[in-house]
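Geometric and topological summary
One letter stands for each residue in the lines below.
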Amino acid sequence: MAAHAVVVALGLWLMASPAVLGLTGAARVAALVAGPLIAALGVIALSEVTRGVRWANVVLGAALALAGILVAQPWPGHVSAVAAGLLTAALSLARGRVTGRYGGGWRAVVGGEEAPPREAGG
Amino acid sequence: MTAEPAEPAGAPPGWSYNPSSWPQRLPLIGVALVGLGIAGYLALYQWGVFGSVFEPFFGDGSRRILHSSVSRLLPIPDAALGALGYVLDAVSGAVGGERRWRTLPWVVIVFGVAVGPLGAVSILLVILQPVAFHAWCTLCLASAVISVLMIGPAMDELLASLQYLARVRREGGSTWRAFRGGG
C-alpha cells in the first residue's frame, strides 16, 4: 500500500520533470506519457481488488528506465528517468497487505471450475 | 468451501464485506457528482456560456486545452461527454439496493463499464494535454484525478457481480436471466 503511494508520487514527479529539468524532445514525451500512466495505475493498485494492475507498473517502470538510458538528454534527465523507472518497477513488485476477503478474486470469474481459495489482487 | 469465517449479512460468498452496501457506494456517488460539477462547468465554458475559465496555475493553459482540436473531435465538447459519463456513474451507482451485486448484476456491470473507460479516457487526455498542446488545464486534471480515484473502489462490486454470474453458469443456471436480475 505504502509502496504504491510512493509510485503515485513518482508518476506525478515524472509529469513535472520536463518543466523542472528542462527536458525536450523524446525525453520530454517519455516522461509525460509514463508519468500519468504510472500515477494512475498506482492509484488503482491502492485498492485491494485491483492490486493486480501493479504488474503493469513493473513493466512501465522497466521500460521507462530503459528509455532513460537510451534517449539522449541532459544528465539530470537520465538520472530522473532511470531512478523513477527502477523505483516504480521495484516498488510495484510488492503485493502489500490485503486484509479483505473477496470470494477468490478475479480467478473465481475466469476459472471454469470452483475457484481456488486465493484472494483478490495478486 | 474451506473453513473460512462466515461473511457478514448481505456480503457475497467468501467476502469480508458487502461491496453493494451504501457506505461503500455513497462516497463514489458523491465523488461522481463533484466530477459532474467540474465537467459541467468546463462544458459550459466550451459552449461559450462563460467567457473565461478558472485557471490558477497554468496561465492560458486551460483556454488552449479547452479550445483545442481534440476537444472538438466530437459533436459535443469533450467536457460535456465527461459530464455525461459522471451522470452515468452517479445514476448507475445509485440504482438498486444493498444486495444489487446479486439482484441487479446488469446495473453493477454498467456502473463498472462507466467508471473504467471514463477513467481511461481521462488518463489519455492528461497525456495529450502537454504532449500535443504544451499546456496543462487545472480543472481537467482535477476531473481526471476524480475519474481515476473511482476506478479501484468501484471494481469490487463489479467483481462480486461477475463472480455471481460465473457461479450461476457453473451451476448450470441461466446467466442471461441472472444478468437481468432474475436470479
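Above this text you will find the structure in question.
Nothing here was measured: the structure is a model prediction, and the numbers come from that model. Here the residue numbering is sequential within each chain, running from 1 through the sequence in written order. The lettering of chains begins at A and the numbering of ligands begins at 1, in the order of writing. Whole-chain, interface and lining totals are the exception, using all residues; otherwise, since this is a predicted model, local features are given only for residues with pLDDT of at least 70 and side-chain atom pairs are given and counted only at 80 or more.

1. Observations regarding the overall build of chain A
Definition in use: In this text, helices come from DSSP runs of H or I with a minimum length of four residues, and strands from runs of E with a minimum of two, each type numbered from the N-terminal end. Working definition of burial: number of other C-beta atoms within 10 Å of the residue's own, with buried at 20 or more, exposed at 12 or fewer, and partly exposed in between, all C-beta atoms being placed from the backbone.
Scanning chain A from N- to C-terminus turns up 5 helices and 0 strands. Helices and strands in chain A line up, N terminus first, as α-α-α-α-α. Along the longest, intermediate and shortest principal axes, the C-alpha atoms of chain A span 55 × 25 × 15 Å. In chain A, buried positions account for 51% of the 122 residues.

2. Considering the overall build of chain B
Filter applied, for reference: Working definition of a contact: two residues with C-beta atoms, positioned from the backbone, lying within 7 Å.
When you go through chain B residue by residue, the secondary structure sums to 7 helices and 0 strands. Shown N-terminal to C-terminal, the secondary structure of chain B runs as helices and strands in the order α-α-α-α-α-α-α. Once the C-alpha set of chain B is aligned to its principal axes, its extents read approximately 60 × 30 × 25 Å. Per-residue burial over chain B gives 46% buried out of 183 residues. A separation threshold of at least 6 residues defines the contact pool for chain B, and within that pool the share at least 24 residues apart is 70%.

3. What about the packing of helix 1 (residues 2-21) of chain A against helix 2 (residues 25-46) of chain A?
Residue and element names in this part refer to chain A. Note the threshold: Fitted lines through C-alpha atoms serve as axes, helices being fitted only where they are in contact, and the angles separating the N-to-C directions of these axes extend from 0 to 180 degrees. Throughout this description, any angle smaller than 35 degrees is read as roughly parallel, any larger than 145 degrees as roughly antiparallel, any in the 65 to 115 degree range as roughly perpendicular, and the remainder as oblique. Here a crossing is taken to be left-handed if its near helix is turned anticlockwise relative to the far helix by less than a right angle, and right-handed if that turn runs clockwise. Throughout this entry, Asp, Glu, Lys and Arg are counted as charged residues, while Ala, Val, Leu, Ile, Met, Phe, Trp, Tyr, Cys and Pro are counted as nonpolar. The remaining residues, Gly among them, count as polar.
Packing of helix 1 against helix 2 leaves a shortest axis separation of 7 Å and a crossing angle of 160°. By the criterion of interaxial angle, the relationship of helix 1 to helix 2 is roughly antiparallel. Like other packed secondary-structure pairs, helix 1 and helix 2 cross with a definite hand, here left-handed. Contacts between helix 1 and helix 2 involve H4, A5, V7, V8, L10, G11, L12, L14, M15, S17 and P18 from the former and R28, A31, L32, A34, G35, P36, I38, A39, G42, V43, A45 and L46 from the latter. Among the residues making up the contact of helix 1 with helix 2, the classes are represented as 17 nonpolar, 5 polar and 1 charged.

4. Observations regarding the nonpolar core
Residue and element names in this part refer to chain B. Let me state the cut-off plainly: Only buried Ala, Val, Leu, Ile, Met, Phe, Trp, Tyr and Cys residues enter a nonpolar core, and they are joined through C-beta atoms within 7 Å.
Grouped together as the largest cluster of nonpolar side chains are 82 residues, with contacts concentrated most on L42 and M150. When residues of this core are assigned to their parent elements, the largest contribution, 17 residues, is made by helix 6 (residues 138-170). When residues no more than four places from it in sequence are discounted, the contact partners of L42 are L66, A79, L139 and C140.

5. Re the interface of chain B and chain A
At the interface, 23 residues of chain B touch 22 residues of chain A. Looking at the side of chain B that touches chain A, the element that brings in the most residues is helix 6 of chain B, giving 11 residues.

6. Points about the environment of P105 of chain B
Residues and elements named next belong to chain B. Mapped onto the elements of the fold, P105 is located in helix 5 (residues 105-133). Residues P105 and Q24, 81 residues apart in the sequence, show an inter-C-alpha distance of 16 Å. Residue contacts for P105: discarding those within four places in its chain leaves S161, Y164, L165, A178, F179 and G181.

7. Some thoughts on helix 1 of chain A
Residues and elements named next belong to chain A. Applicable threshold: Each helix should span, by expectation, one fewer than its residue count multiplied by 1.5 Å. Two axes enter the definition of the bend at a residue: one is fitted to the seven residues ending there, the other to the seven starting there, and the bend is the angle between them.
Taking 1.5 Å of rise per residue, the 20 residues of helix 1 would be expected to cover 28 Å, and the 27 Å separating its terminal C-alpha atoms lies within 8% of that figure. Of all bends in helix 1, the biggest is about 40°, found at M15, and the proline P18 comes one to four residues later. When we look at burial in helix 1, the residues that qualify are H4, V7, V8, L10, G11, L14, M15, S17 and P18. Where helix 1 is buried, its residues contact helix 2, helix 3 (54-70) and helix 4 (75-92). Immediately downstream of helix 1, the backbone of G22 shows phi near 70°, a positive value.

8. Remarks on the packing of helix 3 of chain A against helix 4 of chain A
Any two packed helices are characterised by how steeply their axes cross, that is the angle between the axes, and by the distance between the axes. Residues and elements named next belong to chain A. Packing of helix 3 against helix 4 leaves a shortest axis separation of 7 Å and a crossing angle of 160°. Between helix 3 and helix 4, the interaxial angle falls into the category roughly antiparallel. By crossing handedness, the relation of helix 3 to helix 4 is classed as left-handed. Touching R54, N57, V58, L60, G61, A62, L64, A65, A67, G68 and I69 of helix 3 are H78, A81, V82, A84, G85, L86, T88, A89 and S92, all from helix 4.

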